[in-house]
Structures are given as C-alpha cells and as structure tokens.
There are 2 protein chains.
Amino acid sequence: MADPNLAVVEDREDDDLEGLYGLTDDLVRSVHAAIAADDRATVRELVEPLHAADQADLVQALSSADRDLIEKYLGREFDPQLFAYLDEAVREDLLEDLEPEALARVVNELDTDDALDIIEDLEDADQAALLQQMPVGERALYEEALGYPEESAGRLMRREYAAIPIDWSVGQAIDYMRSDAELPDEFYGLFVVGPDHKPTGIVMTSRLLRRRRYVPVKNIMETEIKLIPVTMDQEDVAFLFHQYGLVEAPVIDDAGRIVGVITVDDVVHVIHEEHEEDILKLGGVQADDLYEAVVATTRLRGSWLLVNLATAILASIVIGLFQAEIEKVVALAVLMPIVASMGGNAGTQTLTVAVRALAVRELTASNALRVLGKELLVGAINGLVFAVLMGTVAYFWFSEMEIALVIGAAMIVNLVVANVAGLLIPLGLDRAGIDPAVSSGVILTTVTDVIGFLFFLGLAGLVLF
Amino acid sequence: MADPNLAVVEDREDDDLEGLYGLTDDLVRSVHAAIAADDRATVRELVEPLHAADQADLVQALSSADRDLIEKYLGREFDPQLFAYLDEAVREDLLEDLEPEALARVVNELDTDDALDIIEDLEDADQAALLQQMPVGERALYEEALGYPEESAGRLMRREYAAIPIDWSVGQAIDYMRSDAELPDEFYGLFVVGPDHKPTGIVMTSRLLRRRRYVPVKNIMETEIKLIPVTMDQEDVAFLFHQYGLVEAPVIDDAGRIVGVITVDDVVHVIHEEHEEDILKLGGVQADDLYEAVVATTRLRGSWLLVNLATAILASIVIGLFQAEIEKVVALAVLMPIVASMGGNAGTQTLTVAVRALAVRELTASNALRVLGKELLVGAINGLVFAVLMGTVAYFWFSEMEIALVIGAAMIVNLVVANVAGLLIPLGLDRAGIDPAVSSGVILTTVTDVIGFLFFLGLAGLVLF
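Keep in mind that this is a model prediction, so the values were computed, not measured.

## Some thoughts on the sheet that holds strand S3 (residues 199-204) of chain B
All names here are of chain B.
For step 1, the next point in the chain: An order of S1-S2-S3 is seen for the three strands of this open sheet, with the pairing classed as mixed. Both edges of this open sheet fall to strand S1 (163-165) and S3, since each of them pairs with a single strand only. Strand-to-strand twist of the sheet, defined as the mean angle between neighbouring strand axes without regard to direction, takes the value 35°.
For step 2, the next point in the chain: Bridge analysis of S1 against strand S2 (residues 189-193) gives three bridges, and the strand direction is parallel. Paired with Pro 165 across the strands is Val 193, a residue of S2.

## Examining the relation of the copies chain B and chain A
For step 1, the next point in the chain: Under the fitted operation, chain B is carried onto chain A by 0.0 Å of movement along the axis and a turn of 180°, and the coordinates agree to an RMSD of 0.1 Å. When the rotation and shift are considered jointly, the pair of chain copies conforms to a two-fold rotation axis. Taking C-alpha positions as reference, the residue of chain B nearest the rotation axis is Glu327(B), located at 2.5 Å.
For step 2, the next point in the chain: Here 99% of the contact residues of chain B are again contact residues in chain A; the copies associate through an equivalent surface.

## What about the pairing of S2(B)?
Residues and elements named next belong to chain B.
For step 1, the next point in the chain: Of all five residues in S2, four are buried, a share of seventy percent or more.
For step 2, the next point in the chain: In terms of strand pairing, S2 meets S3 through five bridges, oriented antiparallel. Following the sheet pairing, Val 193 is matched in S3 by Pro 199.

## Looking at the domain arrangement of chain A
For step 1, the next point in the chain: The assigned domain composition of chain A is domain 1 (4-154), domain 2 (163-281) and domain 3 (294-464).
For step 2, the next point in the chain: Just the C-alpha atoms count here: the centres of domain 2 of chain A and domain 3 of chain A sit 49 Å apart.

## Notes on the interface of chain B and chain A
For step 1, the next point in the chain: In this assembly, 108 residues from chain B lie in contact with 107 residues from chain A.
For step 2, the next point in the chain: Sort the elements by how many residues they give to the side of chain B that touches chain A and helix H20 (residues 331-359) of chain B lands first, with 17 residues.
For step 3, the next point in the chain: Across the side of chain B that touches chain A, the residue classes break down as 55 nonpolar, 29 polar and 24 charged.

## What to know about unusual backbone geometry
Residues and elements named next belong to chain A.
For step 1, the next point in the chain: For Asp 38, which is not glycine, the phi dihedral falls at a positive 50°.
For step 2, the next point in the chain: In this fold, Asp 38 is placed in the loop between helix H2 (25-36) and helix H3 (40-47).
For step 3, the next point in the chain: Look at Asp 38 and you get exposed, because 11 C-beta atoms sit within 10 Å.
For step 4, the next point in the chain: Of note, Arg 361 is a non-glycine position whose phi angle comes to about 60°, a positive value.
For step 5, the next point in the chain: Its place among the elements puts Arg 361 in the loop between helix H20 (331-359) and helix H21 (365-398).

## A word on the nonpolar core
For step 1, the next point in the chain: In this structure, Val237(A), Ile262(A), Val237(B) and Ile262(B) are the most contacted members of the largest nonpolar core, which totals 154 residues.
For step 2, the next point in the chain: Excluding residues within four positions of it along the chain, Ile262(B) makes contact with Ala153(B), Leu156(B), Met157(B), Ile228(B), Val237(B), Glu248(B), Ala249(B), Val251(B) and Val267(B).
For step 3, the next point in the chain: By size, the runner-up hydrophobic cluster in this structure holds 129 residues, among which are Leu280(A), Val334(A), Met390(A) and Ile451(A).

## Considering the environment of Leu280(B)
Residues and elements named next belong to chain B.
For step 1, the next point in the chain: Among the secondary structure elements, Leu 280 is positioned in helix H17 (residues 264-282).
For step 2, the next point in the chain: Look at Leu 280 and you get buried, because 20 C-beta atoms sit within 10 Å.
For step 3, the next point in the chain: For Leu 280 and Val 438, which are 158 residues apart along the polypeptide, the C-alpha to C-alpha distance reads 8.7 Å.

## Some thoughts on helix H8 (residues 100-109) of chain A
Residues spaced three or four apart along an α-helix face the same direction, because each turn holds 3.6 residues.
Residue and element names in this part refer to chain A.
For step 1, the next point in the chain: Turning to H8, its buried residues number three or more, namely Leu 103, Val 106 and Val 107. The buried residues of H8 occupy an angular sector of 95° when projected down its axis, which confines them to one face. What points out from H8, more than 90 degrees from its buried face, is the exposed set Glu 101 and Asn 108.
For step 2, the next point in the chain: On its buried face, H8 sits against helix H7 (88-97), helix H9 (112-121) and helix H10 (124-132).

## A few points about the packing of H20(B) against helix H21 (residues 365-398) of chain B
All names here are of chain B.
For step 1, the next point in the chain: For the pair H20 and H21, interaxial distance at closest approach is 12 Å and the crossing angle is 160°. With respect to H21, the element H20 is oriented roughly antiparallel. The way H20 lies across H21 gives a crossing that is right-handed. When H20 is examined against H21, the residues Ala 331, Leu 335, Ile 338, Met 342, Ala 346 and Thr 350 are found in contact with a partner set consisting of Glu 375, Gly 379, Asn 382, Phe 386, Met 390, Ala 394 and Phe 398.
For step 2, the next point in the chain: Class assignment for the residues of the contact of H20 with H21 results in nine nonpolar, three polar and one charged.

## What about the packing of H20(A) against helix H22 (residues 401-431) of chain A?
Residues and elements named next belong to chain A.
For step 1, the next point in the chain: Remark: H20 packs on H22, axes separated minimally by 8 Å, with the N-to-C direction vectors making an angle of 30°. The angle between H20 and H22 falls in the class roughly parallel. Judged by the sense of rotation from one axis to the other, the crossing of H20 with H22 is right-handed.
For step 2, the next point in the chain: Of the residues belonging to the contact of H20 with H22, the class tally is 21 nonpolar, eight polar and one charged.

## Concerning the environment of Val251(B)
Residue and element names in this part refer to chain B.
For step 1, the next point in the chain: The topology assignment puts Val 251 in strand S5 (residues 248-252).
For step 2, the next point in the chain: Assessed through the 26 C-beta atoms surrounding it within 10 Å, Val 251 is described here as buried.
For step 3, the next point in the chain: Between the C-alpha atoms of Val 251 and Asn 219, which are 32 residues apart in sequence, the distance is 23 Å.
For step 4, the next point in the chain: Discounting residues that sit within four places of it in the chain, Val 251 has contacts with Ala 153, Met 157, Ile 228, Val 230, Val 259, Gly 260, Val 261 and Ile 262.

## Regarding the sheet that holds strand S3 (residues 199-204) of chain A
All names here are of chain A.
For step 1, the next point in the chain: One open sheet holds the three strands; their spatial order is S1-S2-S3, and the pairing between them is mixed. The open sheet has two free edges, formed respectively by strand S1 (163-165) and S3, since each of these has just one partner strand. Pairwise comparison of adjacent strand axes, ignoring direction, gives a mean angle of 35° for this sheet.

## Considerations on the pairing of S5(B)
Residue and element names in this part refer to chain B.
For step 1, the next point in the chain: With five of its five residues buried, S5 lies for the most part within the structure.
For step 2, the next point in the chain: Alternating residues of S5 divide into Glu 248, Pro 250 and Ile 252 and Ala 249 and Val 251, and every residue in both groups is buried.
For step 3, the next point in the chain: Here two bridges tie strand S4 (residues 228-229) to S5, and the two strands are oriented parallel to one another. Counted as the bridge partner of Pro 229 is Ile 252 from S5.
For step 4, the next point in the chain: The pairing of S5 with strand S6 (residues 258-263) spans five bridges and is antiparallel. Its bridge partner being in S6, Val 251 is matched across the sheet by Gly 260.
For step 5, the next point in the chain: Between S5 and S6, which pair antiparallel one after the other, the connecting turn spans five residues, and Gly 256 there sits at a positive phi close to 85°.

## Here we look at H9(A)
Residue and element names in this part refer to chain A.
For step 1, the next point in the chain: Among the residues of H9, Ala 115, Leu 116, Ile 118 and Ile 119 are the ones counted as buried. The arc that holds the buried residues of H9, viewed along the axis, is 165°, so those residues lie on one side.
For step 2, the next point in the chain: Among the structural elements, H7, H8, H10, helix H11 (136-146) and helix H12 (153-156) are those in contact with the buried residues of H9.

## With respect to the environment of Glu224(B)
All names here are of chain B.
For step 1, the next point in the chain: Relative to the elements of secondary structure, Glu 224 occurs in the loop between helix H15 (217-220) and S4.
For step 2, the next point in the chain: Note on Glu 224: 11 C-beta atoms within 10 Å, which makes it exposed.
For step 3, the next point in the chain: The spatial distance from the C-alpha of Glu 224 to the C-alpha of Glu 400 is 70 Å, given a sequence separation of 176 residues.

## Notes on the confidence of the model for chain A
Residues and elements named next belong to chain A.
For step 1, the next point in the chain: For chain A, per-residue confidence averages 88 on the pLDDT scale, and residues scoring 70 or more make up 96% of the total.
For step 2, the next point in the chain: Confidence over residues 1-14 falls short of pLDDT 50; this stretch has 25 contacts with residues more than four positions distant or in other chains.
For step 3, the next point in the chain: Predicted as a complex, the structure gets a pTM of 0.84 and an ipTM equal to 0.84.

Conventions used here
Residues numbered from 1 in each chain as written. Chains lettered and ligands numbered in written order. Predicted model: local features only at pLDDT ≥ 70, side-chain atom pairs only at ≥ 80, totals over all residues. Pairing = 2+ DSSP bridges. Helix = DSSP H or I, 4+ residues; strand = E, 2+ residues; numbered from the N terminus. Axes fitted to C-alpha atoms, helices over the stretch in contact; angles between N-to-C directions. Least-squares fit on C-alpha atoms with pLDDT ≥ 70 in both. Contact = placed C-beta atoms within 7 Å. Buried ≥ 20, exposed ≤ 12 C-beta atoms within 10 Å, placed from the backbone. Domains from an automatic or database assignment. Nonpolar A, V, L, I, M, F, W, Y, C, P; charged D, E, K, R; others polar. Core = buried A, V, L, I, M, F, W, Y, C linked by C-beta atoms within 7 Å. Arc of directions from axis to C-beta. Parallel < 35°, antiparallel > 145°, perpendicular 65-115°, else oblique. Left-handed = near helix turned anticlockwise from the far one by under 90°. pLDDT = per-residue confidence, 0-100.

Now the structure itself:
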C-alpha cells in the first residue's frame, strides 16, 4: 500500500501541510460520490488509509444525508476511533442514530478517557443501558469517573498510571518495568509514592535508564511536582500545565493519594476548547454552532441578539431625548454613528486585552491601578488626536465651527470613557465571579453608546442653541 | 525548607489553585516593599522558593521602577530562567538594561530553545556581540537556528534528540541508552532512522523496556509518524500536534534527514501564542500591549482606530444623503443605531464562528455552500422574529404604522446581509491569502452599516414621503 498521506493531493494555497494533513476537498467530493453510489470498494480505498482524526474531519465535511449512512460503514471502512475526534454537535447527531449494539462496539474500541467523553454526553437512559452491558469492573470505573464534576481533573485523567515505592533502587524500578506487571503500554515517567500512596516525585524512564542499578530512586527523582486535586476545573489544570511547562502530573484524592495521571497531550485539547470558548463568547456566540442545525443556531444566536436589542433601544431612548436638537441641526444625526463606532472600537481594544490578561492571570489587584492609569492616558491621547482629525473633517463638511468643537470634545470624552470601561467592566465581572468573556462586550457598548450620545447631543444642545 | 507552594496563601476567589500557583497580590506587595528598602534577605526569602515561571509573573506584576533594579538580584534572588517565561514587551525592557556580561550569563543558564527566543529578539549589533563571546560550537548552533525563518519548526525544535539505527534490537537500544552516550537527559522515545538518517519510526522508552532483548526494534516501533519540514510554520506544527494527538515528532531537512525534535510541551506555548494572536486581532489589537508603554500602545491602537474612523465616516456619508428625510421624520435618527447595532452583532456572531472554523480547517470549499445556505436561513428567521418585535416597539413608540413597517423590513434585510457578509468576508480574505482575523471585523461593520442605513433610510424615503 502506498503512503496514504502522500497519495492525497493537497489543494490548499499553503502547501506547507501537503502530504501531512490527509484531507482535501477533492477527497471529500470523491467519498460523497462513492457513498451516494454505495460503492463500498471505493469508500474503503479512500477512507481506510486515513488517520481517525482525518476520518472525523471527513465525516464533518459530509452533508447530513451522507452522515446518516455512516453507521453502515462503521468498524469496516470507517474507524470507530473517529468518534474521539468529532465535534460535539456532529457526534451527538451520529450517536442518536446508532443502534445500542453499534454504540457499545464504538465505546469498546476507544481509550477509557475518550469513551468517557461519549458516555458523559449520552441521555440518562441510554447511559444506564450502555453501562448495564459492560463487565462489572469496567462499569465501576466509568461510574466512578462520572461521579466527578464535569470538566474536572477526574474526568480528564487516565486511571492507568505507573508508580513505584520511594525506597526502591533504579534496578528494582527497571526490573519492575520489564516484568509483565499491569502497566500502561506507554508512559513518560514513573511516579514515586510513599507508603500512604501519596506522590512525592517523578522519574522519567529515560533518566532512570541512564543511572546505575544501585542508585536509590529518591536521589534522582524530580520533586518539584504539582499535585492536581481530582475535583480541579480543567481550565485550572491547563493553566498549571502551561505555567510550569508540565509534561505529566499526578491526580490526587481528598486524602492526597494518587488516583490517576494527566499528561500534556490531554491538556492540549483542553487548551483548545477553553480558547475556543473565550473567542466565541467574545463574539456573542455561546458555542461553536458550525455543525448545529438551523433551528438550534437561530435560537442560540437570537437570545443573544435579544439582549443586544434591549441595549440598542436604551441608546435610542437617549437619542430620543434630543429629537428637537436633531430636527434643527440634522448634522448631529449624520455624525452620531461616528461617536458610537469610535467609542465601541476603542473600548473593545482595551476589553480584549483585559479579558485575555485575566484569563492568563496577568491582570490582578496588584497592577490593576497601574493599567487603569495607562488606559486613561492612552484614551486621552488618542482622544485628542482623533478630536483634531474629526473636528477638521466636520468643519469642512458642515462649515460650522461649533459642530467641529462638539464632535471633537465628544471624541475625547468617549475614548477616555471607552478605555476605562473596557478595563473596569471585565475586572468587575471577574471579581463578581461572572465570566468576563460572555457579557463584557454588550455592557461595554451600552456604556459607550449611552454616554457617547448623551455627551455629544447634550453638549450640542448647550453650544448650538 | 517548607514546601514553597504551600507557604504562600492564595487570595483569589477560586481557591482551586490555592497552594499550586505560587503568586499572590500579597506576595507582590511584600516583594515591592523589600526591593524599595533594598532588603535582600527578605527579597531572597520571598522570591527564591518560587518557580521561575512564577518569578516571571512577579517581575511582570512589579512596577517598571522595581524592574529597573532586577539586574542587581539576577542570578541570586531571581532565577535567570525566568526570562524564558516573560512576556515579550517586559523581556525586551529588561534586556535593554542588562550589561553584556549579565546577558551572556542569562543566555548561558537557559536551554538552547529558550536562549534562542532571547537571541532572535536582540538588535543585530547586540546579537553579533553575544554570539562572538560564545564557544565556536555553540555559536554555530545558534547561527544555524537563526538561519531558519522566524516562527518555523527550525526555531522551535530542540537540536538534541535520541535516535537509533533501524537494524538494532531492543537489547542494543537499552544498552545504548544506559551507556554514557551524549543523549539528552530526558526524552520520551527513541527515533528509529535508516542508514540515510531518515526517520522511519519511534519507540517509546516505556514500551522498549517491556519487550525481550532479542526483539528487533523495527517490530515494535510506531510507524505512523509525522515528519515536520524544518521550514514549516509553527502554526501548522501546532495544527498537526493537535489534529493527530502527537507527543513528539522528528524535524527533517530538505533531504529528509532528521535534524531535531519537537515535543508537545513546546507546542503548548505555540498554541497559546496563536490563540492569543487570533483573539487580539479580532478585538482590533495587533499584539498583547498589557506591558507596552503608553506611547507604543497609543500608536498601535490609534492606527486601527484610524481605519475604523474612515469606515465610520463612510456610514455617515450614507446618512448624509438622507438629511432631508431625517429633518422631517426625526424618529429615523432615533432608530438608526438599532439598525446598525443589530446588523453588526449578528454579523459578528457569524464571523466569529467562521474565523474559528477557518483556523481549525473545518470551513472549506466542500462545505462553504452548505454553511452559506444555513447562515441565510438563520439570518432570515431571526430577521423575521426581530422585525415583528422591533416593529411592535416602534409602533407603540411613534404611533406610526409606516415607521414600524420600515424598521421591520430593515431588520430582515440587515440580519440576512449581516450573516451572509459575516461568512463571505472571512472566506474571501482567507482565499486571498489575508489573515481573516485581522480585517474581517472592520469590513463587516462597514458593510452592515452602509447597507443597513441605505436600506432603512432609503425605504423610509419611499414609504414616508
């Protein structure tokens, strides 16, 4: 068989990934045609050589009509492992249609942590039915895992780990690894535990091999380890791995005993998920809805637009207070969107930096005041620059010095307010225990719109009439 | 010495990280006071127990006046390794003040990949001076690395790797590892290479240990490896690691020979950086400017606001076309911001999903049309819902059926346009080779504002007069 990765012609502009990433638009089209024609030989030829992760991408790229036919190919042309890589919406969609036996087969094929991902998302009845079919030992394992909070270290960890007593020598450790003990097939290091099963260090297998047999393990172990409580939120786990460059860390129960292990490759997924969540929330989308059906997408986005409508009406009410002024000087209506737009954009800049800094714990009580001072200054300087700029534009446009002065003053006030609000809103939400990524944006634009229009139109009322 | 991680009292609301993350606001304040009083004993007591990553966070939390004094403490109270964890702006700030000898000492203390991070950011003259001071071998190594493009696999990889010939047995491999060959101190697996130095597989050390000595290595090696070209962009490297759940991958030169290795823990930093870039660009900030000085921040943000001002003026010009209508029916001016705001927000929702999907290669030519159909539908349905809602509000507010109908119609058109534009703009930019995260937002609001105002005021002109 030819190398599957080289057999496929990559048609993206950047050919950096050519031959390394298995999926192409051509391939998707060919598979679609083969499925439509129920040409199993061709489906197999195209799909089987792909990595399960690429098969997952392929399934996602297929239309839902094609997807309905996947069950038939599962376990033969399509690798059941692909479920570990599917987007949640598509996975749920596929799982719904699966017969209970097919579902059990899929779960059976997966690693325990990937299987757990699927089991935890099942409806209660389906979950119970699936667990019922399992051998007692396996069922107990999943039931224990499901007892930990969602998105906690307990859900993320692998239950298989390699540990040795602290009084062993290098030779004993090597012999233990070489014996056919029930060790995981692949691991980076051995945890060193005390008699009470509390982890005290870790020895990388590569380092172990480089030392003489009589050397006590405790002399060569790395003692700077981070013990992850089994209930810790996965976002905090990811933070610790990134902060300290961890490769693996033991997970401990309330009594401090080791119960599992989290490795950096599990954390990569969490980091992706958490970042994706942040970026989507900042954009006013609750979750990645690329694969959601129209109705679900409409409902989710609509509820956010409703909140936004309420705040937009608030801004309109402010404008409504100045109808008489606008009727007399219609230039005010023409310039209004500039005030709103500049304030909203400047505030969003500060807000984005602040939300990121809060997420990585770089914005704290100890530097908040300093950052506030800086944002004030940045707002004031840019306010001045744009006041002169926009004032000049307005003067030549409407030939009225008063209008130029009013829009200039509004620019300064609005940019200062925007920068300060862009910092204080996420800080305040974070302090109140509310995720700043979700609601900062809508509060910010409300503030910049309301204050922006109030000041601009109010000042115009005073100066022009 | 007491456990440094437990000695520190965490004062954040979420005490999940208590004892695990070393830095607290109290600690920052105490260090600040000790530095101000030049009380080295207290500085040492507070700082020395901290992990270099926490020391880096501490330095970032200190004021720049405190930071100016850090050089004095470097290598004693403060660990030079902290430079590997510093934010770029702070690092440059500190490095500028360092004496050449102190800089050489810092670089000497770091791993080669972290040292490279620092060296590549130095001014040309400083870089040459630093390299001049190094032993010939080391200098050649850095000069070779600097020859690779910035943010490429060549810059990211470690040059030390463990490789064995394909015809070896398990016993030979173990003996090799146990001999005092120049192997890296810690590694996960051994690369298996052919006589031409081309990598053909990888064996995890843990797996190697579990097999009998006479077994040929090629029988137990993992052959599904991804070969990373040394010039590949780090974003593509991160994509491959995430896509295929890689732990480590060999880096190869043009001739296919192994020249280095990239491990997943290096990639965690890249993933963070790339996500951070995306999120900041979407927010209209070119780079994380939390630690940048006021002038630099003002200039960077100002240039973006200037682009925004130009587009806002465009929207104003559209409004200017309808001054006569607004003068007669001032309710139009009151309702204008609602049209702009709803269009902008709905478009941003679609745009955020699209930019994310493009980044993770889930939005491609094969599903673009399907997604477009969906966005059209979502926009139309939400448009209808909000047309009824806002039409009713407008009717009761202004007691005029015509105004209610105009704003309702504008709502439908604007939400459909917003959703379609929110998809097509990033798609088009991506196809043209332009990063969609940077400019999608500003083009989108220009489109939604211009079309929104044009349709709303234009229709009003037809219906009301």
